[in-house]
Amino acid sequence: MAFDTETPTLQELLRLQDELSAALQRRFGQTLAVCVTDVVGSVEYFRRFGDVAGRALQQRHFDLVQEAIGAHGGRLVDTAGDGAFFVFRDAPSAAEALCAIQRGASVQNLARPREHHLTLRGGLHWGFVLTDGESVAGDSVNLCARVAASGKEQGLAEAELRLTRAAYLELPPSFRVRCRALPAVQLKGVEPALTLVGLEWEDEASFPTSVRCEETGRVWTLPRRDLLGFGRIAEHEGVKANDVVLEAADPQATAMISRWQFELRRGPAGFTLRALSDARTEVNGVAVAKGSEVPLPVGARVVVARTLTLVFLAPRDGVAGTRLPLGG
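Engineer: Explain the overall build of the chain residue by residue, including any values.
Structural biologist: In terms of regular secondary structure, the chain is built from seven helices and 22 strands. Along the first, second and third principal axes, the C-alpha atoms of the chain reach 90 × 45 × 35 Å. Looking at the chain as a whole, 46% of its 328 residues are labelled buried. Considering only contacts within the chain whose residues lie at least 6 apart along the sequence, 59% involve residues at least 24 apart. Working note: accessible area of the chain is about 16,300 Å², and carbon and sulfur atoms make up 52% of it. Of the charged side chains in the chain, 37 are positive and 40 negative; the average position of the first set lies 6 Å away from that of the second.

Written out as structure tokens, the structure reads:
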């Protein structure tokens, strides 16, 4: 298109803008699976343990990302702070990689104290981007970052994978059956509110997702963490003490429960329960000695200090989220 470069008209500039946009999309446009992961609670971790420990936590994250990318054919685009941005040519490979990253973090956490666990959020979107083979840009990148961070904005501090509907529709049935609809979220700069999808990276049939107290009727949704504490107190010296705070209707009965009663540890095949107190803990009618561990299957009944009975429920018995149809 020819025009006077000294005094182009508004119409000429608008036409040029359209032509440049079309040329950019023809030459650099691709549809890719865009992934973002970041570390949950990294700011607080740096504050408590210092820069060296914080940087080591970030490096554990990046190493897991690089390993998963190498195994599933992706490409790391950038890291910034505690976040990683990477892409794949297809959504199933991206979903496999994200699941592998979460499983890898879980395995590492089994060998570390709770306060040094690596907890990750991940987001996946299937969309159009501009890329020259190195940098990747476009609205799809911004959307994926907001999807990954949406759990933080909702106050969730647990490991999770969130997908857009576009990414979900690119997955085969073997992945779709592991997805659940999440409550609609309002993302910054995105209208209207989006219904996102949660992807399970483990065999959900092996892991209880909620627990009900038979005496009080209370139900807790179990956070997605690798170590879950159960006991009488919520905090100790300003730090969270238990994920599930146990309380009976009678204060005297509550006093029989230990401050730290037991913990659940997430393993490849399911939870194990480790008794932390001399106060009696029974699993399916069998007492567990302090310091001992036993498997905790879905449906297990745990009696705490002869006071409360906890029933660990399967997803179909009361997990948040709705199963999505295979057809989308």
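Engineer: So what about the sheet that holds strand β11 (residues 227–231)? Which residues, and what values?
Structural biologist: Hydrogen bonding along the main chain pairs the strands of a sheet, whether they run parallel or antiparallel. On the basis of which strands lie adjacent, the open sheet formed by five strands has the order β14-β11-β15-β16-β19 and mixed pairing. A strand with exactly one partner marks an edge of an open sheet, and here the two such strands are β14 (244–245) and β19 (293–296). Bridge analysis of β11 against β14 gives two bridges, and the strand direction is parallel. The partner of Phe230 across the bridge, within β14, is Val244.

Engineer: Go over the nonpolar core with me, naming the residues and quoting the values.
Structural biologist: Core analysis: the largest hydrophobic core is formed by 36 residues, its most contacted members being Phe86, Phe88, Leu124 and Leu199. Within the residue set of this core, elements represented by two or more residues are β1 (29–39), α2 (42–72), β3 (83–88), α3 (91–109), β4 (120–131), β6 (160–163), α5 (165–169) and β8 (197–199). If you tally residues by element for this core, the top one is α3, at eight residues. If sequence neighbours within four positions are ignored, Leu124 has contacts with Ala33, Val34, Cys35, Ala91, Ala94, Ala95, Leu98, Cys144, Arg162, Leu163, Thr164 and Ala167. Counting 27 residues, the second-largest nonpolar core is a separate cluster that includes Val211, Leu228, Leu246 and Ala253.

Engineer: Could you give me a rundown of the environment of Glu215, with the residues and numbers involved?
Structural biologist: When you line up the elements, Glu215 lands in the loop between β9 (210–213) and β10 (219–221). C-alpha separation for the pair Glu215 and Gly74, spaced 141 residues apart in sequence, amounts to 50 Å. The contacts of Glu215, once residues within four sequence positions are left out, are Thr307, Leu308 and Thr309.

Engineer: Give me the sheet that holds β10: which residues, what numbers.
Structural biologist: Pairing in this open sheet of six strands is antiparallel, and the strands run β10-β9-β21-β20-β17-β18 from one edge to the other. Looking along the sheet, the strands with just one partner apiece sit at the ends: β10 and β18 (286–287). The sheet contact formed by β9 and β10 spans three bridges and is antiparallel. Note on β10: the bridge partner recorded for Ser210 is Thr221.

Engineer: Describe the side chain of Arg60, with residues and values.
Structural biologist: With respect to the helices and strands, Arg60 occurs in helix α2. Although Arg60 is buried, it makes no salt bridge; Asp226 carries the closest opposite charge, 7.8 Å away. Beyond its immediate sequence surroundings of up to four residues, Arg60 is in contact with Gln108, Asn109, Arg112, His116 and Leu118.

Engineer: Break down the packing of aromatic side chains for me, with residues and values.
Structural biologist: Counted by the stated rule, this structure contains five aromatic pairs. Taken together, a centroid distance of 4.7 Å and an interplanar angle of 45 degrees make the contact between Tyr45 and Phe49 tilted. With Tyr45 and Phe49 both in helix α2 and four residues apart, the pair spans about one turn of that helix. Members of the aromatic cluster, each reached through a chain of ring pairs, are Phe230, Phe262 and Phe312. Sitting over the ring of Tyr168, Arg176 keeps its end group 5.1 Å from the ring centre. Its guanidinium or amino end placed over the ring of Trp201, Arg224 lies 4.2 Å from that ring's centre, counting from NZ or CZ.

Engineer: Break down the pairing of strand β15 (residues 262–267) for me, citing the residues and quoting the values.
Structural biologist: Along any regular strand, the residues point their side chains to alternate faces of the sheet. With six of its six residues buried, β15 lies for the most part within the structure. Because side chains alternate across β15, one face comprises the buried residues Phe262, Leu264 and Arg266, and the other comprises Glu263, Arg265 and Gly267, equally buried. Judged from the four bridges that link them, β11 and β15 form a sheet pairing that is antiparallel. By the bridge assignment for β15, Leu227 is matched with Arg265.

Engineer: Requested: an account of the packing of α2 against α3, with residues and values cited.
Structural biologist: One can describe the packing of α2 onto α3 by two numbers: an axis separation of 9 Å at closest approach and a directional angle of 140 degrees. Relative to α3, α2 is oriented oblique. The crossing of α2 and α3 is right-handed. Touching Arg60, Leu64, Val65, Ala68 and His72 of α2 are Ser93, Glu96, Ala97, Ala100, Ile101, Gly104, Ala105, Gln108 and Asn109, all from α3. Of the residues assigned to the contact of α2 with α3, the class counts are seven nonpolar, five polar and two charged.

Engineer: How would you sum up the environment of Arg27? Please name residues and give values.
Structural biologist: Tracing the sequence through the fold places Arg27 in helix α1 (residues 10–28). Judged by relative accessible area, which is 68%, Arg27 ranks as exposed.

Engineer: For unusual backbone geometry, give the residues involved together with the corresponding values.
Structural biologist: The backbone of Glu237 shows a phi angle near 55 degrees, a positive value even though the residue is not glycine. Residue position: Glu237 is located in the loop between β12 (235–236) and β13 (239–240). Phi at Arg306 is positive, roughly 55 degrees, even though this residue is not glycine. Take Arg306: it is sitting in the loop between β20 (301–304) and β21 (308–313).

Thresholds, definitions, all that
- Residues numbered from 1 in each chain as written.
- Predicted model: local features only at pLDDT ≥ 70, side-chain atom pairs only at ≥ 80, totals over all residues.
- Heavy atoms only, no water.
- Helix = DSSP H or I, 4+ residues; strand = E, 2+ residues; numbered from the N terminus.
- Buried < 20%, exposed > 50% of the residue type's maximum accessible area, 1.4 Å probe, protein only.
- Contact = heavy atoms within 4.5 Å.
- Areas by Shrake-Rupley, 256 points an atom, 1.4 Å probe, with all protein chains shown as cover.
- Lys, Arg positive; Asp, Glu negative; His and termini not counted.
- Charge placed at Lys NZ, Arg CZ, Asp CG, Glu CD.
- Pairing = 2+ DSSP bridges.
- Core = buried A, V, L, I, M, F, W, Y, C linked by side-chain atoms within 4.5 Å.
- Salt bridge = Lys/Arg side-chain N within 4 Å of Asp/Glu carboxyl O.
- Phe/Tyr/Trp six-rings, centres within 6.5 Å; stacked < 30°, edge-to-face > 60°.
- Lys NZ or Arg CZ within 6 Å of the ring centre and 35° of its normal.
- Axes fitted to C-alpha atoms, helices over the stretch in contact; angles between N-to-C directions.
- Parallel < 35°, antiparallel > 145°, perpendicular 65-115°, else oblique.
- Left-handed = near helix turned anticlockwise from the far one by under 90°.
- Nonpolar A, V, L, I, M, F, W, Y, C, P; charged D, E, K, R; others polar.

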